[in-house]
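Notes for the structure review
Below are the chains, spelled out letter by letter.
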Amino acid sequence: NQSQACEAARMRFHCKLQNADLFTQMCSTFEKIAKVIVVHLTPQSVRFIVTGAGVQDNIQVFSQMNVPAFFSEYTVESLNQNEVAFEIQISLLERALKQATTAMATGMKLMKRNGTPYLSVGTEFMNPCHQTVIQDIQVTLLTAGQLASIQEPSVRDPDVYVVMPPLRQVRAVIERMKNMSETITITANMAGELSFKLDTSQVTVTTTYKDLDHPNIEGHPPPQLDKEKRAEVKVSAKSMTKFLGCSQLQMNNVILCIMVPKVVVVHAVFEEVFLTYYLPVMT
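Cut-offs applied
- Residues numbered from 1 in each chain as written.
- Predicted model: local features only at pLDDT ≥ 70, side-chain atom pairs only at ≥ 80, totals over all residues.
- Heavy atoms only, no water.
- Helix = DSSP H or I, 4+ residues; strand = E, 2+ residues; numbered from the N terminus.
- Rg over C-alpha atoms; globule rule 2.2 N^0.38 Å.
- Buried < 20%, exposed > 50% of the residue type's maximum accessible area, 1.4 Å probe, protein only.
- Contact = heavy atoms within 4.5 Å.
- Areas by Shrake-Rupley, 256 points an atom, 1.4 Å probe, with all protein chains shown as cover.
- Lys, Arg positive; Asp, Glu negative; His and termini not counted.
- Charge placed at Lys NZ, Arg CZ, Asp CG, Glu CD.
- Salt bridge = Lys/Arg side-chain N within 4 Å of Asp/Glu carboxyl O.
- Core = buried A, V, L, I, M, F, W, Y, C linked by side-chain atoms within 4.5 Å.
- Pairing = 2+ DSSP bridges.

This part is about the overall build of the protein. Helix and strand counts for the protein come out as seven helices and 17 strands. Its C-alpha radius of gyration of 21 Å places the protein within 12% of the 19 Å reference for a compact globule of 283 residues. Buried residues in the protein amount to 49% of all 283 residues. Residue pairs at least 24 apart in sequence account for 64% of intrachain contacts in the protein once pairs closer than 6 positions are excluded. Carbon and sulfur atoms form 46% of the exposed surface of the protein, whose accessible area is close to 14400 Å². Within the protein, one finds 25 positive and 26 negative side-chain charges whose respective centroids are separated by 6 Å.

See below:
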């Protein structure tokens, strides 16, 4: 309608990419989870969002990248408090950015051609002469109302929470388990133990990690290391694999939280990147 057209006409975004390696890794991480993601731009941050709609296993992901760590000459303007959001096929963005890691400069901007919105990715090279490669990716702009409807799930305090071991180790374990079972049982307690188990009619395999830390949760007293306090849930092996795709980011602080019987929430932090995964529990 006319108001939506007016809103879209006032959207502006352009930037220079200054941490191409990490931004490309973020795109690669999300490409393993969903075909289409929401990109939410604000003056302070860029968010990648997987809402769960149309995604196998209904995994949801909310991430945030702080602007100064990734971008320069960053401008975003709109009638919605200078916030812009659009849906994009993430594999196309990842492909466009593959050359960015070796480019002299990479820029991105929103543009329209014949009324159709695109995210234009431009990369500049010097080999040996100056060369510019421009790739335009069609996007679907979201209205303020559509953006407002995308809300991060509201969850209660976890029954159990624990700092995960190195994700690349866990990923190797889960990849092997996924070949034998579609479901994985996660068990954790407040005594620093975390285990992953598969149980089929032919085989039972359990991998247990011990002496893990329990972080302080903001606004809560230090955790009581109660060995009797434990939680156990079943999740899809595929959803675990999708989450563990972030192991390429070499996250240095990953906290797994279990809320029986609904959800497993994983908070991951790396440099200026924050990710939260919501993995549905199987009943």
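Moving on from the coordinates now.
So, about the environment of Asp211. Looking at the element boundaries, Asp211 is found in the loop between β13 (204-209) and β14 (230-236). Given a relative accessible area of 73%, Asp211 falls into the exposed group. Between the C-alpha atom of Asp211 and that of Gly192, which follows or precedes it by 19 residues, the distance is 4.8 Å.

Turning our eyes to something else, we now look at the side chain of Thr29. Topologically, Thr29 is positioned in helix α2 (residues 20-31). Judged by its relative accessible area of 0%, Thr29 falls in the buried class. Residues within four places of Thr29 in sequence aside, it is in contact with Gly245, Cys246, Gln248, Leu249 and Tyr277.

A few words now on helix α4 (residues 90-97). Among the eight residues that make up α4, six are buried, leaving the element largely enclosed by the rest of the structure. Among all positions in α4, only Ile90, Ser91, Leu93, Glu94, Ala96 and Leu97 are buried.

On to the pattern of salt bridges, then. All told, the structure shown has five salt bridges when counted by the stated rule. The partner of Glu175 in a salt bridge is Lys178, with the nearest N and O atoms 3.7 Å apart. One end of the pair is Glu175 and the other is Lys178, both in helix α6 (residues 167-178) and three residues apart, which spans about a single turn. Residue class for Glu175 comes out partly exposed when judged on its relative accessible area of 28%. Residue classification places Lys178 among the partly exposed positions, given a relative accessible area of 31%. In this structure, the salt-bridge partner of Arg230 is Glu232, at a minimum N-O distance of 3.5 Å.

Before going further, it helps to spend a moment on the nonpolar core. Membership of the largest hydrophobic core comes to 94 residues, with the highest contact counts inside it found for Phe48, Phe196 and Phe243. In contact with Phe48, not counting residues within four places along its chain, are Phe23, Met26, Cys27, Phe30, Ile37, Val38, Val39, Val61, Phe62, Ser63, Met65 and Ile90.

Now for the pairing of strand β16 (residues 263-270). Burial within β16 is extensive, with six of its eight residues counted as buried. Sheet analysis places strand β15 (residues 253-259) next to β16, joined by seven bridges and oriented antiparallel. Bridge assignment links Val254 to a residue of β16, and that residue is Ala268. Counted between consecutive antiparallel strands, the loop separating β15 from β16 contains three residues.

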